[in-house]
Amino acid sequence: MSKLTRTIHQLHQLRRQQKSIQTSELDRLVVYAATHRPDDVFGQLDTGMSGLDPELARDLTGVYGKNVVEEERHEPKFKRAAAAFVSPFTLILAALAAVSVYTNVVMAAPGEADPSTAIIIGIMVLISGVLRYTQESKSESEPVEKTAEPVEIEYHGRGTSIAIDDCTNIAFSGTTVQSGSATAVVLCTGKHTYLGKVARALEVKPTRTSFDVGVAAVSRVLVAFMLIMCPIVFVVNGITKGDWLDALLFSISIAVGITPQMLPVIVTTCLARGATNMSRQDVIVKNINAIQNLGAMDVLCTDKTGTLTQDKVILERHMDVHGRDDDRVLRHAYLNSFFQTGLKNLIDVAVIEKMDELAAADPAQAGMSERYTKVDEIPFDFERRLMSVVVADRSGKTQLITKGAVEEVLGICTCVEYDGQVLPLTDDLRDRVLERVRGFNDDGMRVVAVAQKTNPRPAGSFSTADESDMVLIGYLAFLDPPKESAAAAVARLSEYGVGVKVLTGDNEGVAAAVCRKVGIDPSGMLLGSEVDGLTDEELAARAEGCQLFAKLSPLQKQRVVSVLREQGGHTVGFMGDGINDAAAMRASDCGISVDTAVDIAKESADIILLKKDLMVLGRGIMEGRRTYGNTIKYIKTTASSNFGNVFSVLVASAFLPFLPMTALQLLLLGVAYTVSCTAIPWDNVDEEFLREPKTWDAKSIVSFMLWLGPTSSVFDILTYAAMFFVICPMVVGAPFAQLADPAQIALFAAVFQSGWFVESMWTQTFVLHMLRTEHVPFAGSRPAASLTVLTLAGVAVVTALPYVPGLGAALGLSPLPLPFFGLLFACMALYLLLCGAVKALYVRRYGTLL
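Criteria and cut-off values
Residues numbered from 1 in each chain as written. Predicted model: local features only at pLDDT ≥ 70, side-chain atom pairs only at ≥ 80, totals over all residues. Heavy atoms only, no water. Helix = DSSP H or I, 4+ residues; strand = E, 2+ residues; numbered from the N terminus. Buried < 20%, exposed > 50% of the residue type's maximum accessible area, 1.4 Å probe, protein only. Areas by Shrake-Rupley, 256 points an atom, 1.4 Å probe, with all protein chains shown as cover. Phe/Tyr/Trp six-rings, centres within 6.5 Å; stacked < 30°, edge-to-face > 60°. Lys NZ or Arg CZ within 6 Å of the ring centre and 35° of its normal. Contact = heavy atoms within 4.5 Å. Pairing = 2+ DSSP bridges. Core = buried A, V, L, I, M, F, W, Y, C linked by side-chain atoms within 4.5 Å. Axes fitted to C-alpha atoms, helices over the stretch in contact; angles between N-to-C directions. Parallel < 35°, antiparallel > 145°, perpendicular 65-115°, else oblique. Left-handed = near helix turned anticlockwise from the far one by under 90°. Nonpolar A, V, L, I, M, F, W, Y, C, P; charged D, E, K, R; others polar. Salt bridge = Lys/Arg side-chain N within 4 Å of Asp/Glu carboxyl O. pLDDT = per-residue confidence, 0-100. Patch = residues over 30% accessible without salt bridge, like charges linked within 9 Å, V, L, I, M, F, W, Y side chains within 5 Å.

(A) Structural context of the overall build of the protein. A count of helical and extended segments in the protein gives 31 helices and 19 strands. Out of the 850 residues in the protein, the part that is buried amounts to 52%. Summed over all atoms, the accessible surface of the protein reaches about 37300 Å², with 58% contributed by carbon and sulfur.

(B) Structural view of the packing of aromatic side chains. Counted according to the given criterion, the structure contains 21 aromatic pairs. Judged by centre distance (5.7 Å) and plane angle (55°), the rings of W762 and F825 are tilted. Within this pair, whereas W762 is found in helix α28 (residues 742–771), its partner F825 is found in helix α31 (residues 818–846), the two being separated by 63 residues in sequence. With relative accessibility at 13%, the residue W762 sits in the buried group. Among the residues examined, F825 registers a relative accessible area of 48% and is labelled partly exposed. Across from the ring centre of Y846, 4.7 Å away, lies the NZ or CZ of R845, which sits over that ring.

(C) Structural detail: the environment of F736. Summarising the element assignment, F736 is placed in the loop between α27 (698–732) and α28. For the pair F736 and F725, spaced 11 residues apart in the sequence, the C-alpha separation amounts to 8.3 Å. Dropping the residues within four chain positions of it, F736 is found in contact with P657, F658, F724, I745 and F748.

(D) Region of the structure containing helix α19 (residues 508–517). Burial analysis of α19 places seven of its 10 residues in the buried class, the great majority of the element. Residues of α19 that are buried in the fold lie against α17 (427–442), β14 (499–503) and β16 (548–550). Backbone geometry just after α19 places G519 at a positive phi near 90°.

(E) Structural context of the sheet that holds strand β15 (residues 526–527). If you walk across this open sheet you meet the eight strands as β4-β19-β18-β17-β5-β14-β16-β15, and the pairing is mixed. Both outer strands of the open sheet, β4 (283–285) and β15, are each paired with one neighbouring strand and no more. As paired elements, β4 and strand β19 (residues 607–609) share three bridges and run antiparallel to each other. Within the sheet, the bridge partner assigned to V283 lies in β19 and is L609.

(F) Up close: the environment of V41. Inspection of the secondary structure assignment puts V41 in helix α3 (residues 38–44). Apart from the residues lying within four places of it in its own chain, the contact partners of V41 are Y32, A33, H36, V185 and L187.

(G) The arrangement of the nonpolar core in detail. Within the largest apolar cluster, 141 residues are counted, with the highest numbers of intra-cluster contacts made by L300, I592, I607, L609, L614 and L617. Look past the residues within four positions of L300 in its chain and what remains in contact with it is L493, V498, G499, V500, K501, G573, M575, I592, L614 and L617. Counting residues in hydrophobic clusters, the runner-up holds 29 residues, among them V390, C413, V433 and A477.

(H) Local environment of the packing of helix α25 (residues 614–655) against α27. Packing of α25 against α27 leaves a shortest axis separation of 7 Å and a crossing angle of 45°. With respect to α27, the element α25 is oriented oblique. Crossing hand, α25 versus α27: right-handed. Split by residue class, the contact of α25 with α27 holds 16 nonpolar, nine polar and two charged.

(I) Just the packing of helix α18 (residues 486–495) against α25, in detail. At a closest axis distance of 9 Å, the pairing of α18 and α25 adopts a crossing angle of 20°. By the angle between their directions, the pair α18 and α25 is classed as roughly parallel. Handedness of the crossing formed by α18 with α25: left-handed. Here A488, A489, V490, R492 and L493 of α18 lie close against α25, whose contacting residues are L614, M615, G618, R619, I621 and M622. For the contact of α18 with α25, the per-class residue count stands at eight nonpolar, one polar and two charged.

(J) Up close: the environment of P554. Mapped onto the elements of the fold, P554 is located in helix α22 (residues 554–566). Measuring from C-alpha to C-alpha, the distance between P554 and T504 comes to 9.1 Å, with 50 residues separating the pair along the chain.

(K) Expanded view of the pairing of β14. The element β14 is extensively covered by neighbouring structure, given that four of its five residues are classed as buried. Across four bridges, strand β5 (residues 299–302) lies against β14 in parallel orientation. Paired with V299 across the strands is G499, a residue of β14. Taken together, the two bridges between β14 and β16 define a ladder with parallel strand orientation. From the neighbouring strand, L503 faces β16, where its bridge partner is F549.

(L) Representation of the pattern of salt bridges. Taken as a whole and judged by the stated rule, the model has 15 salt bridges. R432 is the salt-bridge partner of D428, the closest N and O atoms lying 2.8 Å from each other. Here D428 and its partner R432 are both found in helix α17, four residues apart, which amounts to about one turn of the helix. Residue class for D428 comes out partly exposed when judged on its relative accessible area of 42%. One salt bridge connects E495 with R691, and the closest N-O pair in it is separated by 2.9 Å. Of this pair, E495 sits in helix α18 while R691 sits in the loop between α26 (663–676) and α27, placing them 196 residues apart in sequence. Given the relative accessible area of 32%, R691 is considered partly exposed. Linked through salt bridges whose partners overlap, the residues forming this network are K633, D683 and R772.

(M) Structural detail: the confidence of the model for the protein. Confidence in the prediction of the protein, expressed as mean pLDDT, is 80, and 82% of residues score 70 or more. Contacts of residues 135–139 to residues separated by more than four positions or lying in other chains number 12 contacts, the stretch itself having pLDDT below 50. Note that residues 155–159 has pLDDT below 50 and, in this model, 10 contacts with residues that lie over four places away or in other chains.

(N) Expanded view of a nonpolar patch on the surface. There is a patch of nonpolar side chains on the surface, built from V702, L706, W707, L841 and Y846 and spanning about 430 Å² of accessible area. Contributions of two or more residues to the nonpolar patch are made by α27 and α31. In terms of residues, the nonpolar patch owes the most to one element, α27, which gives three residues. W707 gets classed as partly exposed once you look at its relative accessible area, which sits at 30%.

Take a look at the structure:
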């Protein structure tokens, strides 16, 4: 057996040996290394302190590849452009355009080719795609100590587990060494490393979001509706009229008419306007579809640091061992932090800032650094977890001042200042100290102990040997405090139906304390080590009532998000700013980051906040819901109106001796109505509509169509009867049955078609105002001025068309007599009353209108 074969065989054996330890993400070789001493690992990997044999290293590189993580592949511009023009809605319209070209152009008689339908549809698709492409084109870490000691793994009830946070003897690829040195054995390289696994997670095809699912469902409903109604219209007209070609052309016009033709434009315009408004609220939209996902979001998963907290270490308390505030402890800590020459970390900065505040309030405390001189220092290292300085005052008195981790400081102390006396540090006093420290930890504070020794006399220069026989004088308690706006933001999100869940890699005690302060219940907290022991179904059940997940690794964050979406049925947003958050953002419906985030986090995000504040996000959520509200207005009102029109056409086709409206008139009516709807993206949305998350629901569109659509048909049929038996005979001079002159028959049909042409525009337009709100239109909820003006203009233009010389006749329209308008006003009044009554019943039945 060659050395390479033996080494590979041993690697596989090591991975198999760790089956009893649960881990969802760590390579089992890493688990072995984490739980065994270095000598054991060397022996199993055929290596040692001098490293691998060069020839074996080359052979292993050939098997496992180079130590590089694959670079991200950016999507070409032409693909982004194609994606902007391809959506379920545009595909429906494209299919209709193709059929129209075939029937109205290819199969048309010489001189009668009419490409207008295809041209209008093409313009709508072009506008939608350009808007979408244009919009999308426009748009701190804590050090962790590492040691060579094997990890002691814990038992959590379902089996032994180990997570990335437990691996205190493993240095992971991609991390930065802040201080210290080590000799390490390489376990994995390139794509086999943990970083490589995270990178692969980011290369996975983006999650199919709730917006994508909703749009596809709505598209299927529209297609199904078209496939059912159009053949019926075709057959009925073919049988009753005898002209199957005209019946085919008319049914194609019906297909175009019943499809919300402006849907891609309205959706894209609503999204583009929402993105513009959000930019004014310090929210930048990268992926335009994410606006509606943001509005639909009912669970927000967020990291703790910088989102709920100020991302800044603050010295909250400086106290004696009893926990009473003591400025003397602060002065000693200040001298330690000020005079040390190493890298001043966040704790040193916080101590110095606190002393500056104290000096500003009490001049007697000022000038500490000038009253002392530095004699020597013993630098910090991760083994001792201590840092000491020796200072002398003007009288020549010297002090050794040490600060560091509580247990380590206790280890070098033999005495303690207790009740004003220096007493021996007994086991009982030590336990009291540790108990008090645990209390501060439970409140979310990080505690550092301070000790001192007066007039130390070293043998030569000072060294770690002099850190002994010291006196514990007190503690420093540090806090990354919650933002002032955090509690209010969490409460507001809850008020608007968004549950906040904290997913953090931080210590559970600190995380729980912060959560309690901002109104998040940490009582059902889950740890990363527990997550690994749960199936997806079990995790989903636990995650539903859990608001805090602590000590999570990046891939555990991703799993929690995925389970909430796929098992829990939630629309989930994830807010983060580090590489540890990128995979979870990619797995969410809406990835949210900030402009100060690392590049990989911003690259994975759909939404970028210019301020790392949940209040900013809250405003973005409201804009997302407003965008959805205006979009669904158009879809529901238009789909229901069109359904009513088709139902009316079926009735007319069965009983009328001529078409109730020509194909051209039907298309023109659709264009006039859709143009008047272009102001919908600027419409106002009722405040109560914004209080709950909204998702695309194809079933609600169907029920809306079935309830509200036929109401217009009632009055369409009344209009048919009045036109056929009263108005048309009044204009022509005789009932239809008595007409023999082709000119009179044509005039009769033209007057009838003109009457329904005008009445349809009135009912479709005014019902838009009736159905855009649950309130009484205009009185209880005012539409945007632009919508009012445009819809009234559309009604006026359509009403005037039959009276325009030449144009009216060319469109097959005829002037209508004055009595028609009395009939029209009466029908409109009754129609709006009936529609209001049905609307109230619908809201009572389904709980919401839109």
